[in-house]
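Coordinates in review
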Amino acid sequence: MRPPVSAALTAALLMGVTACGSDTSNSDGASGEAGGDTVEVLTSFYPLEFAVSEIGGKRVSASNLVKPGTDPHDLELSPKDVAKVSETDLFVYLKGFAGPIDDAAKNQGSDHAYDVSTSAELDLSAPPEGGDHEGHDHGEEDHDHGPNDPHFWLDPVRYAKVATAIGDRLAKADPDHAAEYRANAKKFGSKLTSLNKDLTTRLANCKRQDLITGHAAFGYLAQRVGMTQVPISGVSPKESPDAKTLTKISTLAKESGATVIYTETLASPRFAEAVARSSGAKTAVLDPLEGITSKSPGSDYFEVMRANIKTLEKGQACS
Ligand SMILES: [Zn+2]
């Protein structure tokens, strides 16, 4: 957990200068500016924080509203969190992911809340709760998330679009360094393009096309590689499956010859383990990247995605 230090202090620490400004001989050109010039950006959860840090570089001090190891679908904001939203220079969030975040953005974000959902192209609808795949109608009910699947970052192509939009928004917040933000966004985008190439080539030829996952986080990834996601829980891990759904998924797992059922790092593996037990499959971690912890199979987005590709190559029997 990060202690609440001011943006200026964070920037000073990052640059390796002391807060009292004692003379340092290591000023390397542009970074010799006062720490107070950094843009303070608050993000709602990990993939947005990572993109902002990569694109903002030393100009930006990024922090996350969701604490590491917490499921960002299921969060409650303290009055202190809500105050952070109103005080930051820029609040970057994804509308339709978690109700309390949307409320804070609306009530405290005023002109500095930036929703990435339009650039994320969220065109898959959220699967019905409980993992029922027959597509029955379900109205607004009591869930926190919007009607569409929010998990855009697991598709590198959609993530790159959001990165471009974040670069433009940072350029607007700090016009003096606009070119720098746009260049960084472009660089980040090309890393995502190369990741996408790995993802689509390495998973192009797989024996198993049904992707049996913990919660419905992998819809856009499955779509990108031509697989079908069969989520055990809904679009949020707290949308637990009922007994009938579990039986149905176990049957499907047996019939499709699934050898691996995927579990996650932040959510309980209990339902996936039940499906694995009854269908004779094993489990493996497929990380939805909703937060990085010591249990994550890598220390940042790219490392974890490459670990995910490896896991899928093996679990889906790709050649
Ligand atoms: Zn999720």
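The shown structure was predicted, so the numbers you read here are calculated from the model rather than taken from an experiment.

Calculation rules
Residues numbered from 1 in each chain as written. Predicted model: local features only at pLDDT ≥ 70, side-chain atom pairs only at ≥ 80, totals over all residues. Helix = DSSP H or I, 4+ residues; strand = E, 2+ residues; numbered from the N terminus. Buried ≥ 20, exposed ≤ 12 C-beta atoms within 10 Å, placed from the backbone. Core = buried A, V, L, I, M, F, W, Y, C linked by C-beta atoms within 7 Å. Contact = placed C-beta atoms within 7 Å. Pairing = 2+ DSSP bridges. Right-handed = clockwise from strand over helix to strand, strands pointing away. Expected span 1.5 Å × (residues − 1). Axes fitted to C-alpha atoms, helices over the stretch in contact; angles between N-to-C directions. pLDDT = per-residue confidence, 0-100. Arc of directions from axis to C-beta. Parallel < 35°, antiparallel > 145°, perpendicular 65-115°, else oblique. Left-handed = near helix turned anticlockwise from the far one by under 90°. Nonpolar A, V, L, I, M, F, W, Y, C, P; charged D, E, K, R; others polar.

As for the overall build of the protein chain
- A count of helical and extended segments in the protein chain gives ten helices and eight strands.
- Taking all 319 residues of the protein chain together, the buried fraction comes to 45%.

Here we look at the nonpolar core
- The biggest cluster of nonpolar side chains holds 79 residues, and the ones touching the most others in it are Val92, Ala163, Ile166, Ile212 and Ile261.
- Considering each element in turn, this core owes the most residues, seven residues, to helix H5 (residues 156–173).
- Beyond its immediate stretch of four places on either side in the chain, Ile261 contacts Ile212, Ala253, Ala272, Val275, Ala276, Ala281 and Thr283.

Let's talk about the pairing of strand S6 (residues 228–231)
- One ladder, built from four bridges, connects strand S5 (residues 210–213) with S6; its direction is parallel. In the strand pairing of S6, Thr213 is matched with Pro231.
- The β-α-β motif built from S5, the intervening helix H7 (residues 219–225) and the parallel element S6 has right-handed crossover chirality.

Looking at H5
- Over its 18 residues, H5 extends 25 Å from the first C-alpha to the last, a length consistent with the 26 Å expected when each residue adds 1.5 Å.
- Within H5 the residues assigned to the buried category are Pro156, Arg158, Tyr159, Ala160, Val162, Ala163, Ile166, Gly167, Arg169, Leu170 and Ala173.

Let's talk about the environment of Lys282
- Inspection of the secondary structure puts Lys282 in strand S8 (residues 282–285).
- Sequence separation between Lys282 and Ala272 is ten residues; the distance between their C-alpha atoms is 9.5 Å.

Some details on the sheet that holds strand S3 (residues 90–93)
- Taken together, four strands build an open sheet; the order of strands is S2-S1-S3-S4 and the sheet is parallel. Strands with a single pairing partner mark the edges of an open sheet, and in this sheet they are strand S2 (60–64) and strand S4 (113–115). For this sheet, the mean angle separating the axes of adjacent strands, direction not counted, is 25°.
- Two strands pair when backbone bridges link them, and S3 and S4 are joined in this way by three bridges, in the parallel orientation. Along S4, the bridge assignment pairs Tyr93 with Asp115.

Quick word on the pairing of S3
- Across the two faces of S3 the burial is the same, with Leu90 and Val92 and Phe91 and Tyr93 all buried.
- In terms of strand pairing, strand S1 (residues 39–43) meets S3 through three bridges, oriented parallel. Paired with Thr43 across the two strands is Val92, which belongs to S3.
- Crossover connection from S3 via helix H4 (residues 99–108) to parallel S4: handedness right-handed.

A closer look at the confidence of the model for the protein chain
- Model confidence for the protein chain is summarised by a mean pLDDT of 87, while 83% of its residues fall at 70 or above.
- Per-residue pLDDT stays below 50 along residues 1–5; that stretch engages in three contacts with residues further than four places along the chain or on separate chains.
- Note on residues 130–142: pLDDT under 50 across the span, and 19 contacts to partners over four residues away in sequence or across chains.

Looking at helix H10 (residues 301–315)
- With 15 residues, H10 ought to run about 21 Å at 1.5 Å a step, and its terminal C-alpha atoms sit 21 Å apart, in line with that.
- When we look at burial in H10, the residues that qualify are Tyr301, Val304, Met305, Asn308, Ile309, Leu312 and Gly315. The buried side chains of H10 occupy one side of the element, clustering within an arc of 145° when seen end-on.
- On the buried face of H10, the contacting elements are helix H2 (46–56), helix H6 (178–202), strand S7 (260–263) and S8.
- One or two positions beyond H10, positive phi appears at Ala317, with a value near 55°.

As for the packing of helix H8 (residues 243–255) against helix H9 (residues 270–279)
- For the pair H8 and H9, the least separation of the axes is 9 Å and the interaxial angle reads 50°. With respect to H9, the element H8 is oriented oblique. Our pair here, H8 against H9, has a crossing hand that is right-handed. Here Leu246, Ile249, Ser250, Ala253 and Lys254 of H8 come into contact with H9, specifically with Phe271, Ala274, Val275, Ser278 and Ser279.
- Of the residues in the contact of H8 with H9, the class split is six nonpolar, three polar and one charged.

A word on unusual backbone geometry
- One non-glycine residue, Leu289, adopts positive backbone phi at about 55°.
- Relative to the helices and strands, Leu289 is located in the loop between S8 and H10.
- Looking at Leu289, the number of C-beta atoms within 10 Å reads 25, which means it is buried.
- For Ala317, which is not glycine, the phi dihedral falls at a positive 55°.
- Here Ala317 shows up in the segment after H10.
- Judged by the 15 C-beta atoms lying within 10 Å of it, Ala317 falls in the partly exposed class.

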